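# Architecture and fold: a report
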Amino acid sequence: MFGYAGKILVVDLTSENIDTIPLGEELARKYLGGLGINTKLLFDHTRRAIDPLSPDNVLLFGTGPLAGTFMPTASKTDVSAKSPITGLFGATSSGYHFGSELKYAGYDHVLIKGKSARPVYLAIQNGSAEIRDAAHLWGRDVWDTIDALEAEWKSEDIQVAAIGPGGENLIRFAAIQNGKYDAWARTGMGAVMGSKLLKAIAVRGKGGVKVAKKELFRQLARQLRKEIVDSPFFQAVSKYGSMAATGPYGKFGALAGKNFQTGVIEDWFQTRGYKVVEQYSDQMMACPACPVACAHWAVVKDGPYAGLAMKGIEVTPIFEIGAKLAVHDLDGVLKCIEAFHRHGIDVVSGCGTIGMLMELVQRGLIAEEKIGFPVQWGDVDAICKLIGMISGREGIGDILAEGSKRANIALTGNDDYSMTVKGLEIPTFDPRGRWSVWTFGFLTSTRGGDNLRTRNPVENLRFPSLPDDYRKEPFDFPKQFYDKMDMPEDLKKKIIDSDLKTVDIVLMEKWSEDLISVFNSIGICTRPPSLQALGPTSIAKMLQACVGWDMDAEEVIKAGERIHNLQRIYNLREGEKREDAVFPKRFLREKLPEGPAKGMVIDKNEVDRMLDDYYEARGWDPKQGIPTREKMQDLGLEEEWASLLKNK
């Protein structure tokens with residue numbers, strides 16, 4: 001089969017048996033790869049109500065058919081399991097070289113079952129795999145682990161997925177690090193890996209990816225590269241990376257300042273805005289096949305952290321550490337990022353949990369004696385100490401290791417200061433300060449409070465988008481951009497009002513979730529400008545050239561819809577209810593105290609009406625969010641739907 005390696009590696013850590021099963025074309029075409037096939041395998045290989053940290057859970061690594069090729073931005077790998085932080089569908093995506101190397105080593109997916117009797121790591125190379133002892137690695141931080149494996153393999157070219165002490169100690173929001181500087185961060189996949197006593201996966205391969213139509217594939221790659229470069233977002237993102245978003249959200253007063261207490265930070269632009277990048281970096285970094293190069297190599301030149309050098313100036317940690325925890329300068333932000341990476345902890349959930357604790361201290365709801373040292377907003381040393389305590393489950397870190405919601409309840413008896421949806425900490429910015437497809441998506445995401453599984457492809461960050469009309473988000477790009485947008489014309493007219501220049505948030509929510517499910521399944525990047533330039537028509541052409549399928553845009557987007565619906569069925573099977581789709585109490589009760597969005601609060605009644613409409617648009621029961629029989633038949637999910645009803 002072209003495009004795919006054609007094999008799923010199955011590793012049973014309990015028996016130490018390793019096997020391979022063929023990746024059938026029917027499964028591949030129905031679920032595409034990466035996130036999609038992971039979703040199907042997770043649904044089939046786990047039972048309802050299992051403990052996410054038990055041997056009954058499975059851990060899945062999956063990459064798509066385009067990974068390992070020179071198709072623009074094709075580098076993503078998805079990791080999936082039942083989430084220990086939410087108890088629902090868990091998944092997280094990361095780029096760089098791991099997915100390509102896995103394909104070159106001969107595998108599209110790795111399915112890990114059971115639990116080892118001792119610390120081990122998985123060695124994969126050139127069509128074979130073995131379980132190796134990891135006693136010498138257990139207890140080491142991620143960077144030391146990678147250094148040790150590179151020395152052991154006598155190669156710096158291996159790709160390593162590793163956990164740190166955070167994963168070993170079953171921190172519910174532990175990450176799996178993708179090399180030293182990237183991560184499969186969200187939903188606690190590192191804890192699942194640690195529960196299996198699996199310290200790392202090291203991969204090396206010398207194979208390649210065979211495509212069905214070589215010349216057509218080359219031509220298409222050149223054409224789509226040009227589409228990305230011509231995107232309205234390309235110049236800003238290629239110069240400042242994801243940091244380009246720090247300016248607009250600071251301007252809107254939508255920052256997550258001090259655990260979402262304020263959307264305004266007075267000197268934000270001078271100290272943490274996108275232009276600060278120039279003081280720390282003159283070197284861009286790109287994932288394989290990516291023309292954008294949105295990452296930066298950062299160097300701290302002086303001060304207490306002088307000499308610290310790493311890939312690290314990205315929008316998420318800047319918002320999380322710089323705003324949510326109020327760390328004032330990038331020197332301190334980079335030091336905190338280093339601690340999160342070394343310990344193997346998700347920055348978003350980690351900052352959400354530490355921010356919750358800091359607010360409890362601020363309000364006098366927890367005594368300093370219970371922590372053991374002073375904890376103040378922006379204190380880098382205290383933050384790094386707390387990261388270490390969480391990672392080692394030491395003192396109050398043992399409570400915080402359960403995540404902000406469980407910890408808030410344990411410390412105060414309520415969850416008033418935990419900013420979560422479905423148990424997962426909300427990232428990045430305050431929906432009271434900017435209402436959009438993205439912020440409504442915190443409620444509809446299958447993995448909980450989320451920032452990367454939905455996004456308006458025509459989002460324009462020149463507009464504050466305060467919710468005068470909860471259904472509408474401003475849209476203002478040149479007409480030729482609207483005309484070129486890769487979306488069926490009849491649907492485009494329903495979603496986008498080109499005269500009023502607004503987007504229907506509900507309908508765009510469904511479209512973008514399905515589209516991004518496709519992106520994460522075939523292995524291409526979801527960030528602008530890729531998300532703006534590419535769509536189901538161009539993806540169908542990619543798959544025609546790569547795999548050789550006679551596939552059209554309609555089949556592509558239906559695959560995305562199928563993947564999203566199967567995740568929904570999984571969550572319903574695990575007990576998710578309509579009432580779980582609700583914002584934290586703060587957003588519903590407390591008005592923003594200052595800035596352009598001063599006085600804004602989320603109207604729950606308006607949001608509930610939008611959820612009704614969203615469920616109806618998806619072909620689900622509008623009051624309960626349960627997919628209808630007709631929708632399941634249309635998507636070919638009758639068996640999965642029947643199993644849901646049986647379990648209920």
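A brief structural summary. This one's a predicted model, so the numbers in the text were calculated from it and none came from an experiment.

The rules we used
Residues numbered from 1 in each chain as written. Predicted model: local features only at pLDDT ≥ 70, side-chain atom pairs only at ≥ 80, totals over all residues. Heavy atoms only, no water. 1 Å grid on protein atoms, 1.4 Å probe; cavity = no way out; pocket = protein on both sides within 12 Å on 5 of 7 lines; lining within 4 Å. Points joined across faces, edges and corners; volume = space filled by probe spheres on them. Helix = DSSP H or I, 4+ residues; strand = E, 2+ residues; numbered from the N terminus. Buried < 20%, exposed > 50% of the residue type's maximum accessible area, 1.4 Å probe, protein only. Contact = heavy atoms within 4.5 Å. Polar contact = N/O pair within 3.5 Å; in protein donor to acceptor, adjacent residues only side chain to side chain. Nonpolar A, V, L, I, M, F, W, Y, C, P; charged D, E, K, R; others polar. Axes fitted to C-alpha atoms, helices over the stretch in contact; angles between N-to-C directions. Parallel < 35°, antiparallel > 145°, perpendicular 65-115°, else oblique. Pairing = 2+ DSSP bridges.

### Digging into the layout of surface pockets
In this structure, the second largest pocket spans a volume of roughly 490 Å³. Looking at the second largest pocket, it is lined by 20 residues, and the ones nearest its centre are L491, K510, W511, I557 and E561. Of all the elements in the fold, those that place two or more residues in the lining of the second largest pocket are α22 (489-495), α23 (505-522), α25 (536-546), α26 (553-573) and α29 (629-635). Looking at which element gives the most residues to the lining of the second largest pocket, the answer is α26, with five residues.

### Here we look at the environment of R578
Note that R578 resides in the loop between α26 and α27 (585-589). Taking the relative accessible area as the measure of exposure, R578 reaches 15% and is therefore buried. As a C-alpha pair, R578 and L611 span 33 residues in sequence and 9.1 Å in three-dimensional space. Dropping the residues within four chain positions of it, R578 is found in contact with D608, L611, D612, Y615, P622, K623 and Q624. At 3.1 Å, the side chain of R578 forms a polar contact with the backbone oxygen of D608.

### Section: empty space enclosed by the protein
One pass over the structure, following the stated rule, counts four cavities of 30 Å³ or more. Estimated volume of the largest cavity: approximately 80 Å³. Around the largest cavity sit L35, F89, A91, S445, T446, R447, R453, E513, S517, H564 and Q567, which together line it. Listing elements by their share of the lining of the largest cavity, those giving two or more residues are β5 (89-94), α23 and α26. Here the lining of the largest cavity is composed, by residue class, of three nonpolar, five polar and three charged.

### Description of the packing of α25 against α26
Taken N-terminus to C-terminus, the directions of α25 and α26 make an angle of 100 degrees; their axes are 8 Å apart at the nearest point. Between α25 and α26, the crossing angle belongs to the class labelled roughly perpendicular. Residues P536, T537, I539, A540 and L543 of α25 form the contact with α26, whose own contacting residues are A553, V556 and I557. Among the residues making up the contact of α25 with α26, the classes are represented as seven nonpolar, one polar and no charged.

### So, the sheet that holds strand β18 (residues 472-474)
Working definition: the strands of a sheet are paired by backbone hydrogen bonds and lie parallel or antiparallel to each other. Pairing is antiparallel in the open sheet, where three strands are placed in the order β18-β20-β19. Only two strands of the sheet have a single partner each, and these edge strands are β18 and β19 (496-497). Direction of pairing for β19 relative to strand β20 (residues 502-504): antiparallel, over a ladder of two bridges. Residue pairing for β20: I496 is matched across the bridge by V503. The sheet contacts of α23 involve β18, β19 and β20, and relative to β20 the element is tilted by about 70 degrees.

### Quick look at the side chain of S94
As for its placement among the helices and strands, S94 is situated in strand β5. Overall, the relative accessible area of 4% leaves S94 in the buried class. In terms of polar contacts, S94 uses its side chain to reach the side chain of N178, at 2.9 Å. Only 3.4 Å separates the side chain of S94 from the backbone oxygen of A183, close enough to count as a polar contact. With sequence-adjacent residues up to four places away left out, S94 is seen in contact with S75, K76, T77, N178, D182, A183 and W184.

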